[in-house]
Amino acid sequence: MPKEAVRMEGITKRFPGVTANEGIDLSLYYGEVHGLLGENGAGKTVLMSVLYGLLRPTEGQFYLNDQPVSIDNPAVAIRAGIGMVHQHFMLVPQLTVAENMVVGWETSKGPLLDRRHINRRIRELSEKYGLEVEPNAIVEGLSVGEQQRVEILKALYRGAEVLILDEPTATLPQQEVDALFDTIRALRDEGKAVVFITHKLREALTICDRITVLRKGKKEGTVPAGEATETQLAEMMVGREVVFEVQRDRVASERRPLLQVERLSADDDRGVSAVREVDLTVHDHEILGVAGVQGNGQSELVEAICGLRRVRGGRVVVDGEVVTKATPREVARVGLVHIPEDRQRRGLVLNFSVAENAILGRQYEAPFAVRRVGQSKAAIASYARQLVERFSVVVPGVHTPVRALSGGNQQRVILARELDRQPKVIVAAQPTRGLDVGGIEFVWEQLLAMRREGVGILLVSMDLDELMTLADRLMVMYQGEIVGERKPRETDKQEIGLMMLGGAGETS
Amino acid sequence: MKLLRELGIITISVSLGLGVGAIITAATGHSVPAVFRELVLGAFSDIFRFANTLMRATPVLFTSLSFLIAFRAGLFNIGAEGQLLMGGFFAAWAGFAFSLPPVIHVVVCLLFGAAVGGLWGFIPGWLRAYRGANEFVTTMMLSYVALYLTRWFVSPGGPFHGGRMAARTVRIDATAELPRMITGTQLSWGIVVGFVVVLVVWYFLFRTPRGYEMRAVGLRATAAEYGGVNIARTQVLALAIAGVLAGLGGASETLGNHRAFVEGFSPGYGWDGIAGGLIARAHPIGAIFAALLMGALRAGGAGVDRAGVAPRDLVEVLQGLVILFVVAPELIRYLSRLWNRRRAHGRAQP
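Described below are features of the structure shown in this document. (Residues numbered from 1 in each chain as written. Chains lettered and ligands numbered in written order. Predicted model: local features only at pLDDT ≥ 70, side-chain atom pairs only at ≥ 80, totals over all residues.)

1. Section: the overall build of chain B
Which entries qualify depends on this criterion: Counting from the N terminus, the helices are DSSP H or I runs at least four residues long and the strands are E runs at least two residues long. Values of the radius of gyration come from C-alpha atoms, whereas the globule rule sets the reference at 2.2 Å times the count of residues to the power 0.38. To assign burial, the other C-beta atoms lying within 10 Å of each residue's own C-beta are counted, with C-beta atoms placed from the backbone; 20 or more indicates buried, 12 or fewer indicates exposed, and intermediate counts indicate partly exposed. Two residues form a contact once the distance between their C-beta atoms, set from the backbone, is within 7 Å.
Scanning chain B for helices and strands turns up 13 helices and zero strands. What you see in chain B, going N to C, is helices and strands ordered as α-α-α-α-α-α-α-α-α-α-α-α-α. Its C-alpha atoms give chain B a radius of gyration of 21 Å, near enough to 20 Å, the size a compact globule of 350 residues would have. A principal-axis box enclosing the C-alpha atoms of chain B has dimensions of 65 × 55 × 35 Å. Buried residues in chain B amount to 54% of all 350 residues. Within chain B, contacts between residues separated by at least 24 positions form 77% of all contacts whose residues are at least 6 apart in sequence.

Next up, the structure:
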C-alpha cells in the first residue's frame, strides 16, 4: 500500500452566496497521479487553493503525512512540501529562470545569490524530470511551455513532494503536452504525489492513476483510471448522459465554393510575414479544418479573411464576391461571419450588456437602429431575449453585463449572434477553447447543424481531437504556409502532429 | 439605486475632503466654523448667491460633458480650456461682426462657438486617429495655442482689441446676448442651453448607433473593430464633439455673462471639466451634479474671501482637497484597470 501524503476530511468552502466546496473527503498518495476532474465552476481550483493556503476552508481538516495541519498561507504550504503551478503563471517576467527560483525563497546565507549553486540544482532537477530549460534565460522570452517548466522547477526547487498542476495543458500545443506527461510520469516514479486538475476527459484517462470527479462543489466519486471510461466520467461530471459521438451525418456537398482564398499573404503585428500565399477553398456543406501549433499564422489568416488585417497579396472571395480589401462590416454583409478566437477581446464588449452585445456588428440594421440615427432599446432587448432563449444562454436577464457570464455562456452569446445572421460561411477560430464538456458539445452541435444546412465552415483549432471529429478535410499550417491536406479518416493524430512541426510536409 | 449609491459615495468623499480641509484650516489658525459658515452661505444663502453658484457651474457643465464624451471613447480631452477659449472668442466675434435679427443672431454665435471649438477638438482627434499622436499631449498643447492666440487677438495692438487698457473685444450686439435669467445676477440662459446639451449628449451616447459605437470603442476597441466600427473615425468624431461642447461653454460665457471676449475670463473652467467629468462618473446626468459642486465651491470660496475669515489661498486649498477626494477613487480605479490591462498584456506575449 502506498503511503498517504495528504488527507482531506470534510473540506467545505463557502463564499457569500455560493458554496464552492462541500464536505469533500480526499486522499492523495505518494507515487500517484491523482486527477481532479470537473466542469468549469465545479470547485476544482478552489479545493486546491484551499490546500495550498490561498484560501481558508470554512470547515474541514487536512492531514499531512497523517499529522493534522492548518495551512494558513502558501508559505506554510511550501514549507510543508506542497507546490502549485497555477493556470496563470506566477513568474517575474523580467528576471532569469534562476532568479525566479529564489525570489521570495532566498536560501543563501550572505547578501549575494550563490548562482553557481542555484544553477547546478536547476540542472540536476531538469535532467531528472526532463524539464529542459536554460537557467540564465530571461523568463519573458520563453514560450508558454518553457514558462510552465520553470514553474514546475520552482516548486521542485522549493522541495515540493505534493505537486498541484492546475489545468496545465490548457495553453500547451500537443507536442508539449506529450513532454509534460513524460515529466509527470517521472515525478510519479520518483514518489511524488501529483494532482492533475483538468476538464479534459481524455487527458485525465491518459495520465492519471486515480480520478476524482467534482460536480457543483461536491465529490461525485473517485475511480481508478484503469477501470473508468470516458462516457462514465462525462456523466459523473455533467450529471446526465452525454452524447460524445457527435451525429456527423453524411451530407452531400454540391462542391459549390463558398469561400475561396487565393495566394493570400499577410503580416503579423510586428510587420513580419505571417501568412504566405495560402490557398484554400471551403465548399457548401463542408467543414474545412486548419490544424497547427499556435503562432504559425492561423490567427493572422483568420483576421485577413475577415477584414481585420491588411492583406498584402492574394484574394478572398465569398460566394463569388471579392472581399479582399473589405471592412469587417462589408465581409459580414456578403454572408461571412466570424467566431473569434479571443472571445473576451474580440467577440464581446465585456462591459456591455447581453442585449448590447447581441447587436454588435448589426448596430445600423433595422429594427435595432431607427433610420440610422436612433436606437430602439425595446427592439434590441426583445431580440436578445429571443436569442437567449433559442441558444439556452444562462443569464439573469438581457441587461446583465456579459462580463458576469461564464465562458461557456459568453461563447453562446457570440454563437447566437453570429449564427442568427444566416451566414453562407462561418470562420470559427478555436470555438471551444476553455469550454467545459457541456459547452463543447453545444458548439459542436451548432456547427454541425449549420453544416447540415449547407453552410461552409472554416474551423481553426489547436485541438486535434476536435478537428478529427468535425472536419471533412484537414489542412495543416506551419510557419504561415499550408504544408499538407488530409482526410481525417485517412490519417491519425501522429501524422498530423508531425506535419504541424514541419515534418512530412508533402501535399497529397 | 445606482444613482443613490454614487451620490452616497460622493457625499462621503466631499465630507472627507472638507474634514481634511478643516484640519488644515484649524492648523493655520483660522476659525473652522466661520470658514465653513461663509462657504455655505456664499454658495446658497440667498437667490443671488445661488444664482452665482449656478453661473459658475454653467461653463463647468459644458467642459465636464466635453471631457466625459471623449473619455467614453477611450480618449483624454485635456484641452477643454483651449476649446472653450476658441469657442468663446469666435462666438463673441460673430456677436459684434455680424448684424442679425435677435434670436437668429444668438443661434449663429452659438454655432460659431461650437464650430471653432469643434475644430480645436477635431485637430487632435485627426492627429490621434491617423497619425498616432497622443491626444493627451496635443489637446493640452493646443490649449496653450488658444490661450496665447486669443490673448494676442484682444490685447492692445491686437487685431480685435476693443477696450481701452483692458485686453478685451468690443461689446457684442444686444441681439447676440444670451439674456439674464434673474435680473441683478450674471446668471444667463446659458445654463438652460447646458441642460439641453446634457440631454442631447445622453441621448447620443445611449440611444444612437453612433453613441453605441463610441462606447464600444472606449470599452474594447478590438471588439468594436470586429463589430464593424471604424475606430479612427469614431475617435475623430469623439474629440470633435468634445471640442463642440467646450466651445459652446465658452460661447455661453461670452454671450451670456461678459457680453464680450474678456481675456482671462476663464479661471480654469476647462481644467475643472476634467475633475467634473470624473466626478460625474462619465455620465451626462452626473455632470449636472459635478458642475453644481464645482460652482458651489467657487461661489462659496468667493464668500469666504469676501467675509475676510480666511485668505483666498486657503479657500483654494479647500476646493482642491474636495476635488481630490471626489476624483481620487475613480482615478485610482481607472489607473489600476489600466495598469492591470498593461500587465496582462505584457504577460500575454509569449
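2. A few points about the overall build of chain A
Check the secondary structure of chain A and you find 17 helices and 22 strands. Radius of gyration (C-alpha) of chain A: 25 Å, near the 23 Å computed for a compact globule of 508 residues. For chain A, the spread of C-alpha atoms along the three principal axes comes to 70 × 50 × 45 Å. Taking all 508 residues of chain A together, 46% fall into the buried category. A sequence separation of at least 24 residues applies to 67% of the contacts in chain A between residues at least 6 apart.

3. Side note on the sheet that holds strand 4 (residues 59-64) of chain A
Residues and elements named next belong to chain A. This is how it is decided: Any two strands are treated as partners once DSSP identifies two or more bridges connecting them. Axis definition: a line fitted to C-alpha atoms, over the contacting stretch in the case of helices. Angles run 0 to 180 degrees between N-to-C directions.
Reading across from one edge, 2-1-4-5 is the order of the four strands in this open sheet, with antiparallel pairing throughout. Looking at the sheet topology across the chains shown, the edges are occupied by strand 2 (18-29) and strand 5 (67-69). For this sheet, the mean inter-axis angle between neighbouring strands, taken without regard to orientation, is 25°. Contacts between helix 1 (residues 44-51) and the sheet are confined to strand 1 (4-15), strand 2 and strand 4, with strand 1 contributing the most and set at about 115° to the helix.

4. Quick notes on the nonpolar core
Put simply, the rule reads: Buried Ala, Val, Leu, Ile, Met, Phe, Trp, Tyr and Cys residues whose C-beta atoms connect them within 7 Å together make up a nonpolar core.
Among the nonpolar cores identified, the biggest contains 257 residues, and Phe196, Val427, Ile457 and Leu459 of chain A together with Leu65, Ala238 and Leu245 of chain B are the most heavily contacted of them. When sequence neighbours within four positions are dropped, the list of residues in contact with Leu65 of chain B reads Val197, Val198, Val201, Leu245, Pro284 and Ala287 of chain B.

5. Concerning the sheet that holds strand 19 (residues 425-429) of chain A
Residues and elements named next belong to chain A. Taking strand neighbours across the sheet as the criterion, the six strands line up as 16-19-20-13-21-22 in an open arrangement whose pairing is mixed. Taken across any chain shown, the strands that pair with only one partner, and hence form the sheet edges, are strand 16 (336-339) and strand 22 (481-486). Here the strands of the sheet are splayed against their neighbours by 20° on average, with no regard to which way each runs. Along the sheet, helix 9 (residues 298-305) makes contact with strand 13 (286-291), strand 19, strand 20 (456-460) and strand 21 (473-478), crossing strand 19 at roughly 150°.

6. What about unusual backbone geometry?
Following Ala366 of chain A, the chain continues to Pro367 of chain A via a peptide bond in cis, the omega torsion being 0°. Tracing the chain through its elements places Pro367 of chain A in the loop between helix 12 (354-358) and strand 17 (369-370). Of note, Arg263 of chain A is a non-glycine position whose phi angle comes to about 45°, a positive value. With respect to the element layout, Arg263 of chain A can be found in strand 11 (residues 257-267). The residue Arg281 of chain B is not glycine, and still its phi comes out positive at about 55°.

7. Some words on the packing of helix 3 (residues 47-72) of chain B against helix 4 (residues 80-97) of chain B
All names here are of chain B. Where we set the bar: Oblique is the label for every angle not falling under 35 degrees (roughly parallel), over 145 degrees (roughly antiparallel), or within 65 to 115 degrees (roughly perpendicular). Handedness of a crossing is defined here by the sense of rotation of the near helix relative to the far one, left-handed for an anticlockwise turn of less than a right angle and right-handed for a clockwise turn. Gly is placed with the polar residues, together with every amino acid not listed as nonpolar (Ala, Val, Leu, Ile, Met, Phe, Trp, Tyr, Cys and Pro) or charged (Asp, Glu, Lys and Arg).
Taken N-terminus to C-terminus, the directions of helix 3 and helix 4 make an angle of 125°; their axes are 10 Å apart at the nearest point. On the basis of their axis angle, the class for helix 3 and helix 4 is oblique. Classified by chirality, the crossing of helix 4 by helix 3 is right-handed. Between helix 3 and helix 4, the residues in contact are Pro59, Thr63, Ser66 and Phe67 and Ala80, Gln83 and Leu84, respectively. Considered class by class, the residues forming the contact of helix 3 with helix 4 number four nonpolar, three polar and no charged.

8. Remarks on helix 2 (residues 32-44) of chain B
Residues and elements named next belong to chain B. Selection criterion: What a helix should span is 1.5 Å times the count of its residues minus one. Here the arc refers to the directions that run from the helix axis out to each C-beta atom.
Given a rise of 1.5 Å per residue, 13 residues ought to cover 18 Å, and the 18 Å separating the end C-alpha atoms of helix 2 matches this to within 8%. Those residues of helix 2 not exposed but buried are Val35, Glu38, Leu39, Gly42 and Ala43. Looking straight down helix 2, one finds that the buried residues subtend no more than 120° of arc, so they occupy a single side.

9. Details of the pairing of strand 20 of chain A
All names here are of chain A. In terms of burial, strand 20 is a largely internal element, five of the five residues being buried. When strand 13 meets strand 20, the two strands line up parallel, connected through five bridges. In the strand pairing of strand 20, Val290 is matched with Val460. Pairing between strand 19 and strand 20: five bridges, direction parallel. By the bridge assignment, Ala428 is partnered in strand 20 with Leu459.

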